Amino acid sequence: MTILIVGGSGFLGSELVRQARAAGHTTVATYTTKAGTASPSAWRPLDLRDAGSLDAIMAEVNPRVVINASSGRADWAVTAQGPLQLAMVAAKRATRLVHMSTDAVFSGAGRVHYDESCLPDPITPYGAAKAAAETGVLAVHPKAAVVRTSLIIGHGRSVHERLVHQLAAGTVDGALFTDDIRCPVHVSDLAAAVLELALSSAAGIHHAAGADALSRHELGLLIARRDGLDNSRLPTGLRAESTVPGALDVRLDSQTTQGSLHTPLRGAREFLHLREDGRPGQRG
Ligand SMILES: NC(=O)C1=CN([C@@H]2O[C@H](COP(=O)(O)OP(=O)(O)OC[C@H]3O[C@@H](n4cnc5c(N)ncnc54)[C@H](OP(=O)(O)O)[C@@H]3O)[C@@H](O)[C@H]2O)C=CC1
Ligand SMILES: Cc1cn([C@H]2C[C@H](O)[C@@H](COP(=O)(O)OP(=O)(O)O[C@H]3O[C@@H](C)C(=O)[C@@H](O)[C@H]3O)O2)c(=O)[nH]c1=O
């Protein structure tokens, strides 16, 4: 089967490419600035803001499935309008579409547990752009699957793991918040779950986050322990007292989606475990 991975040079995109290739799929991956380190069948440059290029790539590659793992942060044209453009082309061509979204569509105000039935109430420009994309994608392509996830962790390569290393080394100023609660997921679990959904006919909103809720500081401690860093060098702080905008406590409840998947979505305590002899585990 031919799978097109938009944002294939990114962190999640690279793992999607690796797993799709390992499963024997013809995999075409896109980048905007530089081809990634994964080895798809082919790389194509693509900027989602360029509708002409999007049409041309979809026509040339003619994928059975397209997965949108791109990220444009709070840039409305990339994050809100780009996915809508992609969904319109995919719907016109009757191509299966899976679109990645985020727990940042939620505010954490009034509740902390969010299942697939909860309506977005974003409080940041990024969350608003992602929420707009979800609504637009499903309006023009009702058979698409939208997959919300949380902090993506794995192999030491995520931005979140890098921040822990930088803080421990004292090369950046900052703190790990003790009041910022999320449900981190392992990039390998997430990619496997997304591919499983991509190969199914599941439509609508899905939650694919890890099973454990923990603070950014607790997550930092687990990463530090796994990587043999000095825990005491990780500064703590409160998001509520910082200038960083965003929700405090947002826990994606993924039980409904998990119930439809073979892929387990492990909690961070499980995938960042120590070996039984107490020495740091392998980079998970
Ligand atoms: N990382 C996380 O913790 C979380 C991520 N998510 C979501 O998961 C998805 C994957 O995130 P992640 O792997 O971290 O993303 P990355 O930032 O690692 O990768 C982003 C990808 O998008 C591509 N891209 C950037 N701009 C454009 C554009 N204008 N048109 C097309 N492609 C573009 C990049 O290309 P290039 O590298 O060439 O610039 C890259 O391939 C995103 O949708 C994100 O919102 C959700 C929750 C948490
Ligand atoms: C939570 C936290 C953030 N920060 C800093 C670093 C970080 O880049 C910046 C903004 O933090 P945020 O939590 O808002 O965002 P960030 O850490 O970039 O993580 C986000 O990634 C995107 C892709 C998502 O979809 C979101 O769900 C979220 O996981 O603040 C700290 O220094 N310490 C902390 O404890």
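Structural data are supplied above this passage.
Everything numeric here is computed off the predicted structure, so don't read it as measured data. (Residues numbered from 1 in each chain as written. Chains lettered and ligands numbered in written order. Predicted model: local features only at pLDDT ≥ 70, side-chain atom pairs only at ≥ 80, totals over all residues. Heavy atoms only, no water.)

1. So, the overall build of the chain
Looking only at helices and strands, one finds 9 helices and 15 strands in the chain. For the chain, with 284 residues in total, the buried portion stands at 51%. Looking at the chain alone, contacts between residues at least 24 apart form 76% of all its contacts between residues at least 6 apart. Summed over its atoms, the accessible surface of the chain is roughly 12600 Å², and 51% of this surface lies on carbon and sulfur atoms. Looking at charge distribution, the chain has the averaged site of its 28 positive side-chain charges lying 6 Å from that of its 27 negative ones. (Helix = DSSP H or I, 4+ residues; strand = E, 2+ residues; numbered from the N terminus. Buried < 20%, exposed > 50% of the residue type's maximum accessible area, 1.4 Å probe, protein only. Contact = heavy atoms within 4.5 Å. Areas by Shrake-Rupley, 256 points an atom, 1.4 Å probe, with all protein chains shown as cover. Lys, Arg positive; Asp, Glu negative; His and termini not counted. Charge placed at Lys NZ, Arg CZ, Asp CG, Glu CD.)

2. Examining the site of ligand 2
Among the 14 residues in the neighbourhood of ligand 2, the closest are listed as Thr 102, Asp 103, Tyr 126, Ala 175 and Phe 177. Note that an oxygen atom of ligand 2 is positioned 2.8 Å from one of the backbone N or O atoms of Phe 177. Considering ligand 2 on its own, with 660 Å² of exposed area, one finds that the protein chains cover 73% of that surface. Elements with a minimum of two residues in the shell around ligand 2: α5 (159-169) and β9 (176-177). The residue inventory of the shell around ligand 2, partitioned by class, reads 7 nonpolar, 2 polar and 5 charged. Two domains share the shell around ligand 2, each providing at least three of its residues, namely domain 1 (2-152 + 186-207) and domain 2 (154-182 + 211-271). (Near = heavy atom within 4 Å. Polar contact = N/O pair within 3.5 Å; in protein donor to acceptor, adjacent residues only side chain to side chain. Nonpolar A, V, L, I, M, F, W, Y, C, P; charged D, E, K, R; others polar. Domains from an automatic or database assignment.)

3. Some details on the site of ligand 1
Not every one of the 26 residues close to ligand 1 is listed here, only the nearest: Ser 9, Thr 33, Ser 70, Tyr 126 and His 160. In this structure, an oxygen atom belonging to ligand 1 sits 2.9 Å away from a main-chain N or O atom of Phe 11. One of the backbone N or O atoms of Leu 12 is found 2.8 Å from an oxygen atom in ligand 1. Elements represented by at least two residues in the shell around ligand 1 include exactly α1 (11-22), β5 (96-102) and α4 (125-140). By residue class, the composition of the shell around ligand 1 is 11 nonpolar, 12 polar and 3 charged.

4. Let's talk about the side chain of Thr 257
Inspection of the secondary structure assignment puts Thr 257 in helix α8 (residues 255-259). Within the local environment of Thr 257, its side chain forms a polar contact with the side chain of Glu 116, the two groups lying 2.5 Å apart. Apart from the residues within four sequence positions on either side, Thr 257 is in contact with Glu 116, His 206 and His 207.

5. Section: the packing of helix α3 (residues 76-92) against α4
Direction vectors running N to C along α3 and α4 enclose 10 degrees, while the axes themselves pass 8 Å from each other. Accordingly, the angle class assigned to the pair α3 and α4 is roughly parallel. Taking contact as the criterion, the partners of Trp 76, Thr 79, Ala 80, Pro 83, Leu 84, Ala 87, Met 88 and Ala 91 in α3 are, on α4, Ala 128, Ala 129, Lys 130, Ala 132, Ala 133, Gly 136, Val 137 and Val 140. Of the residues that constitute the contact of α3 with α4, the class distribution is 13 nonpolar, 2 polar and 1 charged. (Axes fitted to C-alpha atoms, helices over the stretch in contact; angles between N-to-C directions. Parallel < 35°, antiparallel > 145°, perpendicular 65-115°, else oblique.)

6. A look at the environment of Ala 109
Position of Ala 109 relative to the elements: it lies in the loop between β5 and β6 (113-114). Since its relative accessible area comes to 55%, Ala 109 is described here as exposed.

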